[in-house]
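# Observations on chain architecture
Chain by chain, the residues:
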Amino acid sequence: MGIVSPGFSGRRREAGTGTQLPPGQYLTEDFPVLSAGPTPRLDKDTWTFTITTETGSTHQWTWAQMMGLPVASFTTDLHCVTRWSKLGTRWEGVSLDTFLADVETTADYALVHAYGGYDTNLPLEDLLDGKAWVAFSYDGEDLPSEHGGPARLLVPHLYLWKSAKWVRGITLSNGDEPGFWESLGYHNYGDPWREQRYWGD
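Residues numbered from 1 in each chain as written. Predicted model: local features only at pLDDT ≥ 70, side-chain atom pairs only at ≥ 80, totals over all residues. Heavy atoms only, no water.

## Concerning the side chain of serine 163
Within the element layout of this structure, serine 163 appears in the loop between strand S10 (152-154) and strand S11 (167-173). On the basis of relative accessibility, which here comes to 1%, the residue serine 163 falls in the buried class. Here serine 163 is in contact with Arg152, Leu153, Leu154, Val155 and Pro156, once residues within four sequence places are set aside. (Helix = DSSP H or I, 4+ residues; strand = E, 2+ residues; numbered from the N terminus. Buried < 20%, exposed > 50% of the residue type's maximum accessible area, 1.4 Å probe, protein only. Contact = heavy atoms within 4.5 Å.)

## A look at the nonpolar core
Grouped together as the largest cluster of nonpolar side chains are 36 residues, with contacts concentrated most on Phe49, Ile51, Leu96, Phe99, Leu127, Ile170 and Leu172. Mapped by element, the contributors of at least two residues to this core are strand S2 (48-52), helix H1 (63-67), helix H2 (96-100), strand S6 (109-114), strand S8 (133-138) and S11. Filtering out sequence-adjacent residues up to four positions away, leucine 96 remains in contact with Phe49, Leu127, Ala132, Trp133, Val134, Leu153 and Ile170. Counting 13 residues, the second largest nonpolar core, distinct from the first, contains Tyr26, Phe31, Trp91 and Trp133. (Core = buried A, V, L, I, M, F, W, Y, C linked by side-chain atoms within 4.5 Å.)

## Here's the deal with the pattern of salt bridges
Enumeration over the complete set of coordinates arrives at five salt bridges. Two residues, aspartate 139 and arginine 90, come together in a salt bridge whose shortest N-O distance is 2.6 Å. Of this pair, aspartate 139 sits in the loop between S8 and strand S9 (141-142) while arginine 90 sits in strand S5 (residues 84-95), placing them 49 residues apart in sequence. The closest approach of N and O atoms between lysine 162 and glutamate 182, which form a salt bridge, is 2.8 Å. Highlighted residues: lysine 162 in the loop between S10 and S11 and glutamate 182 in the segment after S11, separated in sequence by 20 residues. In this structure lysine 162 comes out as buried when scored by relative accessible area, which is 0%. Using a relative accessible area of 1% as the deciding quantity, one classes glutamate 182 as buried. Each of the salt bridges in this network shares a partner with another, and the network as a whole consists of Arg83, Glu195 and Arg197. (Salt bridge = Lys/Arg side-chain N within 4 Å of Asp/Glu carboxyl O.)

By themselves, these figures tell us nothing about what the structure is for.
Rendered as structure tokens:
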């Protein structure tokens, strides 16, 4: 897998009065593009999203089937481990609660898989109770490929590397397994308010 693509260069803007950012973060009006490898170009006609339980049971949705599920519109802040934060971003997507509603599992952990080979791990509870979505629209438009389109995971209460671009599935398990960045030294959890950037933070 390739090196992270170069970040953007731009003027840093400190938080204004009344704006609260996690420690060590600065505001940006841009939406920087950072990826571990080349950008996949995916066709909605062949895209699928699959949840595999700890027993091997699978639940799969095509793009058309996903679009038949209840869609949520939501506004949230994003915090990248590279220290930028973007506030008030507008999205549409399907809640993970909806995908998991009929999935029988006793698992505690999830390993999220992306087209292109990327993966990231999370406690399952961080995908539930309105905390995570499969997002397909940003700012009123189809999600661009460079930001994870046609669909990405969005878990905005954690650093953005946990919100896997080009999401294709989730494997549920009883044990935790580090993903791509976690195995290279990034923090296993990634709470921006606790500055959990790297192992040992």
